[in-house]
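Chain and residue survey
If you want the building blocks of each chain, they are given just below.
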Amino acid sequence: MNIKRTGGHVICTVKNETTVPFLSFPMLEDTGVTIHGFSTRLGGVSRDHLTSMNLSFSRGDKEENVRENFRRIGESIGFSCENLVFSDQTHTTNVRVITVEDRGKGFVKQRDYSDIDGTITNVPGLVLSTFYADCVPLFFVDPVKKAIGLSHSGWKGTVGKIGRVTVEKMTAEYGSDPKDIFAAIGPSICQDCYEVSEDVILQFRENYDPALWDSLFYKKANGKYQLNLWKANESVFLEAGIIKEHISITDICTCCNPEILYSHRASQGKRGNLAAFLALKTAPKQL
Ligand SMILES: [Zn+2]
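Residues numbered from 1 in each chain as written. Predicted model: local features only at pLDDT ≥ 70, side-chain atom pairs only at ≥ 80, totals over all residues. Heavy atoms only, no water.

Brief notes about the environment of cysteine 256
On the secondary structure map, cysteine 256 appears in the loop between strand E14 (247-249) and helix H8 (264-267). What makes cysteine 256 partly exposed here is its relative accessible area of 22%. Expressed as a C-alpha distance, the spacing of cysteine 256 and serine 197, which sit 59 residues apart in the sequence, is 20 Å. (Helix = DSSP H or I, 4+ residues; strand = E, 2+ residues; numbered from the N terminus. Buried < 20%, exposed > 50% of the residue type's maximum accessible area, 1.4 Å probe, protein only.)

Following this line, the structure appears as structure tokens:
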């Protein structure tokens, strides 16, 4: 796969490249307690601008196609679809504690919650699932307390620091020490591709330390700005108490790779959804 990377060395690896590919962080794999993955456009059955691994039921695709796509990506990453639990993303900073009662919500039965951009759980087997086409996926793994979190952080979620909210909720619910948490910033739009207007930048100025501003955005001759959501979320992780050595930042931009990943910007909104998946491994049935 000819994927364009932003850095000199590989951070996100491509798995199952010749069948149903997905992207993976070695740092999260090495914790040994989770399965996780980020889908691509490849390996599915959807057509036209949704080609081919569309993971959205609400972007004009046939339901049977989307269900087959979920089955395929589940088989590739290693989960079964009845264990999926979906977010309900509306650019909030709301984080829901996912329990065994939530199993299947969004995929096999209706969600009975709304406006949920972040999810945490300590129940093995439940597959936290969030959806993307340029916004930033945030993965959290606490191998000590055996708890995980997965949050959707677009510019609004990044202004609201949903990454910190997620860590605080893991601490409150599961006793997680931020120093034990491994965190990853998933494939999403890079600074070179992400032009925003001044009203967005004003909100970043209000919520972020002025010492960080130069590393987060710069102004261009046309009066617009280029915003670095990866750097912003890294600073949110550090503020939440996660240590630098436990942070992995993607080297893959959705908008730089429109043939491999859905990008809202690159497609001007004509696109399917990518998904991030994160689950705690279940205990082996027999040893
Ligand atoms: Zn880019």
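Comments concerning the sheet that holds strand E15 (residues 274-280)
The 6 strands lie next to each other as E1-E2-E3-E15-E7-E4, forming an open sheet whose pairing is mixed. At either margin of the open sheet sits one strand with a lone partner, and together these are strand E1 (13-15) and strand E4 (84-86). Neighbour-to-neighbour, the strand axes of the sheet open up by a mean angle of 30 degrees, direction not taken into account. Looking at chain direction, strand E7 (residues 127-132) and E15 are connected through 6 bridges and run antiparallel. Residue pairing for E15: leucine 128 is matched across the bridge by leucine 278. (Pairing = 2+ DSSP bridges. Axes fitted to C-alpha atoms, helices over the stretch in contact; angles between N-to-C directions.)

Looking at the sheet that holds strand E11 (residues 195-196)
Paired through their backbone hydrogen bonds, the strands of a sheet run either parallel or antiparallel. Within the open sheet, the 3 strands sit side by side as E11-E13-E12. Their pairing is antiparallel. Every interior strand has two partners, whereas the edge strands, E11 and strand E12 (217-219), have only one. Bridging between E12 and strand E13 (residues 225-227) involves 3 bridges; their strand directions are antiparallel. Each bridged residue has a counterpart across the sheet, and for tyrosine 218 the counterpart in E13 is glutamine 226. Across the sheet, helix H5 (residues 198-207) touches E11, E12 and E13, and the angle it forms with E13 is around 50 degrees. (Contact = heavy atoms within 4.5 Å.)

Thoughts on the coordination of the zinc ion
The protein atoms that coordinate the zinc ion are Cys190 (SG), Cys193 (SG), Cys253 (SG) and Cys256 (SG), at distances spanning 2.3 to 2.4 Å. The coordination sphere of the zinc ion comprises 4 donor atoms, whose angles at the metal cover 105 to 117 degrees; the geometry is tetrahedral. One chain supplies every donor to the zinc ion, and in sequence these donors are spaced C-x2-C-x59-C-x2-C. Of the two residues, cysteine 190 sits in the loop between strand E10 (182-185) and E11 while cysteine 253 sits in the loop between E14 and H8, which places them 63 residues apart along the sequence. Residue class for cysteine 190 comes out buried when judged on its relative accessible area of 6%. (Donors = N, O, S within 2.8 Å, 3.2 Å for Na, K, Ca; no water. Tetrahedral: all angles 85-135°; square planar, octahedral: opposite > 155°, others 65-115°.)

Remarks on the pattern of salt bridges
Once their charged atoms are close, side chains differing in charge can pair, the charge on each being opposite to the other. The full count for this structure, using the stated rule, is 16 salt bridges. Note that glutamate 63 and arginine 67 form a salt bridge whose closest N and O atoms lie 2.8 Å from each other. Of this pair, glutamate 63 and arginine 67 both sit in helix H2 (residues 63-77), 4 residues apart, which is roughly one turn of that helix. Salt-bridge contacts for glutamate 168 lead to arginine 164; the nearest nitrogen and oxygen are separated by 3.5 Å. You can see glutamate 168 and its partner arginine 164 sitting in helix H4 (residues 162-174), 4 residues apart, about one turn around the helix. (Salt bridge = Lys/Arg side-chain N within 4 Å of Asp/Glu carboxyl O.)

Structural notes on H4
One turn of an α-helix holds 3.6 residues; hence residues three or four places apart share an orientation. Between its terminal C-alpha atoms H4 stretches 18 Å, which fits the 18 Å expected from 13 residues at 1.5 Å a residue. Among all positions in H4, only Ile162, Gly163, Thr166, Val167, Met170 and Tyr174 are buried. Buried residues along H4 cover an arc of 145 degrees about the axis, so they all sit on one side. (Expected span 1.5 Å × (residues − 1). Arc of directions from axis to C-beta.)

Considerations on the pairing of E7
The side chains of a regular strand alternate, residue by residue, between the two faces of the sheet. Among the 6 residues of E7, 6 are classified as buried, and the element is accordingly described as predominantly covered. With 3 bridges joining them, E4 and E7 adopt parallel strand pairing. Of the residues in E7, the one forming a bridge with phenylalanine 86 is serine 129.

A closer look at helix H7 (residues 229-239)
Counting buried positions over the 11 residues of H7 gives 8, a clear majority of the element. Buried within H7 we find Leu229, Trp230, Ala232, Asn233, Glu234, Ser235, Val236 and Phe237. Capping the start of H7, asparagine 228 holds a side-chain oxygen 3.1 Å from the backbone nitrogen of tryptophan 230, two or three residues further along. Positive backbone phi, at 100 degrees, marks glycine 241, one or two positions downstream of H7. (Polar contact = N/O pair within 3.5 Å; in protein donor to acceptor, adjacent residues only side chain to side chain.)

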